[in-house]
Amino acid sequence: MSLGILVLAVLILAAAGFLAGRRRAISSAGGDPRRLHSLPGHYGQFAALLTAVPALALLAVWLMAQPMVIEQRVASLLPAGDASTSSLVMADVRRISTGLQRLAVTDGLSPRDVAGLSPEGLAPRLRAVGVAVTSMGPETLAAARAHRDLQDRLGFWMVVSVLATSAAGLGLALARIRPDFRARNTTERFVMVILIAASLVAVATTVGIVMSLLFETMNFFRLYPAQDFFLSLTWNPQFRGGSDLGIWPLLWGTMYISFIALLVAVPIGLLTAIYLAEYAGARARSWAKPAIEILAGIPTIVYGLFALVTVGPALRDWFAQPLGLGASSSSVMTAGLVMGIMLIPFISSLSDDIINAVPQSLRDGSYGLGATHSETVKQVILPAALPGIVGAILLGASRAIGETMIVVLGAGAAAKLSLNPFEAMTTVTVKIVSQLTGDTEFASPETLVAFALGLTLFAITLVLNVIALFIVRKYREQYE
Amino acid sequence: MDDIRYAERVVSAAEVKIAASRVQVFYGLNHALKDVDVEILGKTVTAFIGPSGCGKSTFLRCLNRMNDTIPGCRIEGRITLDGHDIYDPRVDPVQLRAKVGMVFQKPNPFPKSIYDNVAYGPRIHGLARSKAEIDEIVETALRRAALWEEVKDRLAAPGTGLSGGQQQRLCIARAIATSPEVLLMDEPCSALDPIATAQIEELIDELRTQFSVVIVTHSMQQAARVSQRTAFFHLGRLVEYGETGQIFTNPHDPRTESYISGRIG
Ligand SMILES: Nc1ncnc2c1ncn2[C@@H]1O[C@H](COP(=O)(O)OP(=O)(O)OP(=O)(O)O)[C@@H](O)[C@H]1O
Ligand SMILES: [Mg+2]
């Protein structure tokens, strides 16, 4: 029985449970729904939920646990080796196992036939059903058979136990339905539990991401002293070892580029927002707003191309070379300007919403005292919107810090600590990418440093986002 | 009706301050005010009464062109202040509103300190040359609005942190600090307790020596106590306008009579 059919069966059972639950509730009340505590539909919902949810939850857990259990059992059949070879062998075992199943289907083999297959000449037959195997020895084959066997057996028990849970849920629900049973409250609570479970998925993922970063970072610090990472001013990775992996040149590049980006984006974005929210007529708004949103939808790699072919050379030819500040078209200025342009729609549409949320009564109050439009904007609306705008700017800053593509194409890849904005520099994100590209294993400090960099970046943006959310929340309270 | 205490009816200066003739207001297709003719006298308190939704606030907002800020609102007819048409294209609504101040139906303190709320008008109009002068204006305005004693120790606290009634008095203080020639008050006492209401009524009576006051109120007693003239609105029309005593004791229109005796509204 395939997974889809199993899920479908559970859902059909749940639908049946809905009807049965409703029918039973009405009949238990002697045909008079008013004698029930809740609406008949609530009893139906209760039965349906109890039929479907525990069964589906069991299915989910089973699907996650099954491969782990199988692999643990099969691993004991294989000769012990070091971690990387045994994971390769295990991958082969999985592939052969899949191949055996396909063979059984295409060639119509009985389980006995499968058990009798010998390693010789099996590889070409497996290739014929689309499975490529690298090593094929008697042990691997035996392990693959055991794998296949376990998978079939566990799959069978999975179907049985999921259906049994479903049926048990249905039976339990029907047994509990009585006129005074509070189906509505129970369903509400049930729904709440489902919602909580859904949001836990997001939280758990975040925790997982942080944990994996943290784990690899700890590995890194075991190989490379933390004080060198945080305090050294040189970044010079050598793939033969003996590298300098100080974070400061990268952090400096990140800060410098983000700073220039915000210097561009904040004033322009804010003024745009003020124009749109306070001065623009309905007609101007109706085309300006979508135009700005289009700007927000451009992929950052396209901005990067713009930096590479247009802004960079222009800055070099018109500013850097005439002023004697450098001859490189990749520069902090290029990346900062283009990133600023990328952030304009972000800042302006957030600020626009925030300015629009300032109550009309405040504007009226100001106009009623004889204030002009710009006095009202400057002295009443902006102060009222300020916390929200600060929040928007901080969110913009954390986007700038995390941006990669524009920097790769606009600022270059040279880690440098310099004040000259027309010099090529690079950022944390770019170095994370370049340290991880190439086929080295995650075992040397040169690759593991990427995780430490990632974690640092995560910490910085997290702090910025928390501050931003805190400010935005405070601002909301003001008018509620 | 016997418990109503009538204000002094002597209208010292009888010159017309604001004259409105055949004013129509449309909100989109909704004809909210129909053919309103009113003459508001200088140094007089005029009360607007009428059932909810009859257009009192709408008319009040016409008098200082606050309706300009409402999209889709259209005004016809003629309104003059001291003989000059206020809807003339040459008139600057900003200047007009400095002369015709307004207290809104819902308190709307700015998210600034109490002090800055009151100092807002004097500052933008350059009414004071020094910090000391502004201090004085702020204190006088707060005293007259009967709020000084409650807030004198926390002038730097945000105005939005005051109670509803205090906010209403803050808005009154803010309006009188600008020293307008006409003060429009839309239900200024709707959130006030009887003591604060009495203080505000006293203030209104006192303001009458300097400017015209137009007050919208749902309290017949209040209209009778503070005003010299009363206008009764009903369903977007001005039904009756005249001396307060006459409106309350001897209304000409049967609708006025039913309203003040509590039968419609
Ligand atoms: N901003 C607006 N947009 C559209 N229609 C409006 C607007 N303001 C008021 N109206 C309409 O104009 C009419 C008069 O409203 P107005 O606020 O002047 O009544 P009011 O007499 O002040 O009532 P209340 O005593 O309840 O304050 C109402 O029918 C209302 O629906
Ligand atoms: Mg009103």
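Source: prediction; values computed, not measured.

Calculation rules
Residues numbered from 1 in each chain as written. Chains lettered and ligands numbered in written order. Predicted model: local features only at pLDDT ≥ 70, side-chain atom pairs only at ≥ 80, totals over all residues. Heavy atoms only, no water. Helix = DSSP H or I, 4+ residues; strand = E, 2+ residues; numbered from the N terminus. Rg over C-alpha atoms; globule rule 2.2 N^0.38 Å. Buried < 20%, exposed > 50% of the residue type's maximum accessible area, 1.4 Å probe, protein only. Contact = heavy atoms within 4.5 Å. Salt bridge = Lys/Arg side-chain N within 4 Å of Asp/Glu carboxyl O. Domains from an automatic or database assignment. Patch = residues over 30% accessible without salt bridge, like charges linked within 9 Å, V, L, I, M, F, W, Y side chains within 5 Å. Areas by Shrake-Rupley, 256 points an atom, 1.4 Å probe, with all protein chains shown as cover. Buried area = accessible area lost by both parts, 1.4 Å probe. Polar contact = N/O pair within 3.5 Å; in protein donor to acceptor, adjacent residues only side chain to side chain. Nonpolar A, V, L, I, M, F, W, Y, C, P; charged D, E, K, R; others polar. UniProt positions renumbered as here; feature names shortened; annotations may be inferred. Pairing = 2+ DSSP bridges. Right-handed = clockwise from strand over helix to strand, strands pointing away. Disulfide = S-S within 2.5 Å.

A. Seen up close, the overall build of chain A. Within chain A one finds 17 helices and 2 strands. Computed over C-alpha atoms, the radius of gyration of chain A comes to 32 Å, more than 25% over the 23 Å expected from 2.2 N^0.38 for 480 residues, which places it beyond the range of a compact globule. Each principal axis of the C-alpha distribution contributes one length, and for chain A these read about 85 × 75 × 40 Å. Per-residue burial for chain A yields a buried fraction of 41% across its 480 residues. Taking as baseline every contact in chain A between residues at least 6 positions apart, the subset at least 24 positions apart corresponds to 74%.

B. Region of interest: the pattern of salt bridges. Residues and elements named next belong to chain B. Throughout the structure, instances matching the rule amount to 28 salt bridges over all chains. Here Asp85 makes a salt bridge to Arg78, at a shortest N to O gap of 3.8 Å. Judged by its relative accessible area of 41%, Arg78 is partly exposed. Here Glu149 ties to Arg143 by a salt bridge, and the two come within 3.7 Å at their closest N and O atoms. Using a relative accessible area of 53% as the deciding quantity, one classes Glu149 as exposed. Overlapping salt bridges, with partners in common, bring together Glu139, Arg143, Glu149 and Lys152 in one network.

C. Geometry of the domain arrangement of chain A. Domains assigned within chain A are domain 1 (3-199) and domain 2 (236-479). Domain 1 of chain A and domain 2 of chain A are separated by 47 Å when their C-alpha centres are compared.

D. Main features of a nonpolar patch on the surface. Residues and elements named next belong to chain A. A contiguous nonpolar patch, built from Met192, Ile196, Leu200, Val203, Val207, Met211, Leu214, Phe215 and Met218 and spanning about 840 Å² of accessible area, is present on the exposed surface. Here Met192 lies in helix 7 (residues 183-223). Looking at Met192, the relative accessible area reads 44%, which means it is partly exposed.

E. Local environment of unusual backbone geometry. Residue and element names in this part refer to chain B. Even without glycine at this site, Arg22 takes up a positive phi of about 45°. Among the secondary structure elements, Arg22 is positioned in strand 1 (residues 16-27). Here Arg22 falls in the exposed class, since its relative accessible area comes to 52%. One non-glycine residue, Asp82, lies in the positive phi region at around 50°. Locating Asp82 in the fold gives a position in the loop between strand 4 (73-81) and strand 5 (84-85). Owing to a relative accessible area of 40%, Asp82 belongs among the partly exposed residues under this scheme.

F. Here's a closer look at the interface of chain A and chain B. Residue-level contacts link 19 residues of chain A with 21 residues of chain B. With both sides pooled, the region where chain A packs onto chain B buries about 1600 Å², and carbon together with sulfur makes up 64% of that total. Connecting chain A to chain B are 1 salt bridge. Taking the shortest distance from any N to any O, the salt bridge between Asp364(A) and Arg61(B) comes out at 3.9 Å. Where chain A meets chain B, there are 4 residue pairs in polar contact (both at pLDDT 80 or more). Looking at the side of chain A that touches chain B element by element, the count peaks at 8 residues for helix 13 (residues 360-368) of chain A. When the residues that make up the side of chain A that touches chain B are grouped by side-chain class, the tally is 7 nonpolar, 10 polar and 2 charged.

G. Representation of the UniProt feature "domain: ABC transporter" (unreviewed entry) in chain B in the model. Feature annotation in UniProt assigns "domain: ABC transporter" (unreviewed entry) to the following positions: residues 18-260 of chain B. Overall, residues 18-260 of chain B shows 38% helix and 27% strand. The separation of its end C-alpha atoms is 26 Å.

H. Representation of the pairing of strand 7 (residues 182-186) of chain B. All names here are of chain B. With respect to burial, strand 7 is a largely interior element, 5 of its 5 residues being buried. Here strand 7 shows a buried face lined by Val182, Leu184 and Asp186 and a second buried face lined by Leu183 and Met185. Sheet topology note: the strand 6 (residues 100-103)/strand 7 ladder contains 4 bridges and is parallel. Each bridged residue has a counterpart across the sheet, and for Val100 the counterpart in strand 7 is Val182. Bridge analysis of strand 7 against strand 8 (residues 212-216) gives 5 bridges, and the strand direction is parallel.

I. Main features of the pairing of strand 8 of chain B. Residues and elements named next belong to chain B. Among the 5 residues that make up strand 8, 5 are buried, leaving the element largely enclosed by the rest of the structure. Across the two faces of strand 8 the burial is the same, with Ser212, Val214 and Val216 and Val213 and Ile215 all buried. Of the strand pairs in this sheet, strand 3 (residues 45-49) and strand 8 are connected by 4 bridges, and their pairing is parallel. Bridge assignment links Phe48 to a residue of strand 8, and that residue is Val216. Crossover handedness for the path strand 7 to helix 7 (residues 194-207) to strand 8: right-handed.

J. Geometry of the state of the cysteines. For the coordinates displayed, the defined rule picks out 0 disulfides over all chains. The thiol of Cys62(B) is unpaired, and the distance to the nearest cysteine sulfur, on Cys73(B), comes to 6.5 Å.

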